[in-house]
Amino acid sequence: MTGTQRREQLVMIARGLFAERGYDATSIEEIAQRAHVSKPVVYEHFGGKEGLFAVVVDREMSTLHQMITASLTSYRSRVRVEQVALALLTYVEESTDGFRILVRDQRVSAAEGTYSSLLNEAVGQVGHILAGDFGRRGLPPELALLYAQALVGMVSTTATWWLDERTPPKEVVAAHLVNLCWNGLTNLEPDPRLGSA
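The rules behind these values
Residues numbered from 1 in each chain as written. Predicted model: local features only at pLDDT ≥ 70, side-chain atom pairs only at ≥ 80, totals over all residues. Heavy atoms only, no water. UniProt positions renumbered as here; feature names shortened; annotations may be inferred. Helix = DSSP H or I, 4+ residues; strand = E, 2+ residues; numbered from the N terminus. 1 Å grid on protein atoms, 1.4 Å probe; cavity = no way out; pocket = protein on both sides within 12 Å on 5 of 7 lines; lining within 4 Å. Points joined across faces, edges and corners; volume = space filled by probe spheres on them. Nonpolar A, V, L, I, M, F, W, Y, C, P; charged D, E, K, R; others polar. Phe/Tyr/Trp six-rings, centres within 6.5 Å; stacked < 30°, edge-to-face > 60°. Buried < 20%, exposed > 50% of the residue type's maximum accessible area, 1.4 Å probe, protein only. Expected span 1.5 Å × (residues − 1).

The name given to the protein in an unreviewed UniProt entry is TetR/AcrR family transcriptional regulator, and the organism recorded there is Skermania pinensis.

The following block contains the structure:
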């Protein structure tokens, strides 16, 4: 195995173990054992468990960031909300281990590159979108960040719940999220559907 291949192997093994057991319950010894290498090989590539964990988190954050950013770049406001909800749920579905790592094992020392920092960035982007929409509709634009925080929090919390639940399907979950976001409790649609689907 080349150095690059070995590094990739170690990242994938660690990713699975971090998702299954969490950061604290995963050891370098077990990662090395599963890769059929000695512990010094792992240390040589990553410097230790924290370095390996940082690589895993960085990859997951990059994937999730790309999905969410892509969902915010086009369409009108309601469809953007649909796309963000669906992007996060798709990430949960396609990268379950990665999402488990992001929501379960946030290192206290990590200020950037965390799930919460990504959510804060999403709040800023959604707030900017809502401010423009609020201005056009005669609503106070200064409240856009409050609403953005509520929307992102609702989608994020629901995605965390759906991580283990997996029912109903992600499209139905996204449609109901958008229904609540868009219509509020007073005007809920009886059978919401995604407009982009």
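A. Examining the UniProt feature "domain: HTH tetR-type" (unreviewed entry) in the protein more closely. Sites flagged by UniProt as "domain: HTH tetR-type" (unreviewed entry) map to residues 4-64. Overall, residues 4-64 shows 82% helix and 0% strand. The separation of its end C-alpha atoms is 23 Å.

B. Quick peek at empty space enclosed by the protein. Applying the stated criterion to the full structure yields 2 cavities of 30 Å³ or more. Every residue lining the largest cavity is listed: L72, S77, R80, V81, V84, V126, I129, L130, L151, V152, V155 and W182. Elements with a minimum of two residues in the lining of the largest cavity: helix 5 (77-94), helix 7 (115-137) and helix 8 (144-165). Take the lining of the largest cavity: its biggest share by element is 4 residues, from helix 5. Tallied by class, the residues present in the lining of the largest cavity amount to 10 nonpolar, 1 polar and 1 charged.

C. Spatial organisation of the packing of aromatic side chains. Applying the stated criterion across every chain yields a total of 5 aromatic pairs. Between F18 and Y23 the ring centres are 5.9 Å apart and the planes differ by 25°, which places this aromatic pair in the stacked class. Judged by centre distance (6.2 Å) and plane angle (75°), the rings of Y91 and F99 are edge-to-face. A residue is classified by how much of its surface remains accessible, and Y91, at 1% relative accessible area, is buried. Its relative accessible area of 0% is what places F99 among the buried residues. Counting every residue linked through ring pairs, the aromatic cluster contains F18, Y23 and F53.

D. Representation of helix 1 (residues 3-21). With 19 residues, helix 1 extends 26 Å from end C-alpha to end C-alpha; this agrees with the ideal 27 Å at 1.5 Å per step. Phi for G22, located one or two positions after helix 1, is positive at around 95°.

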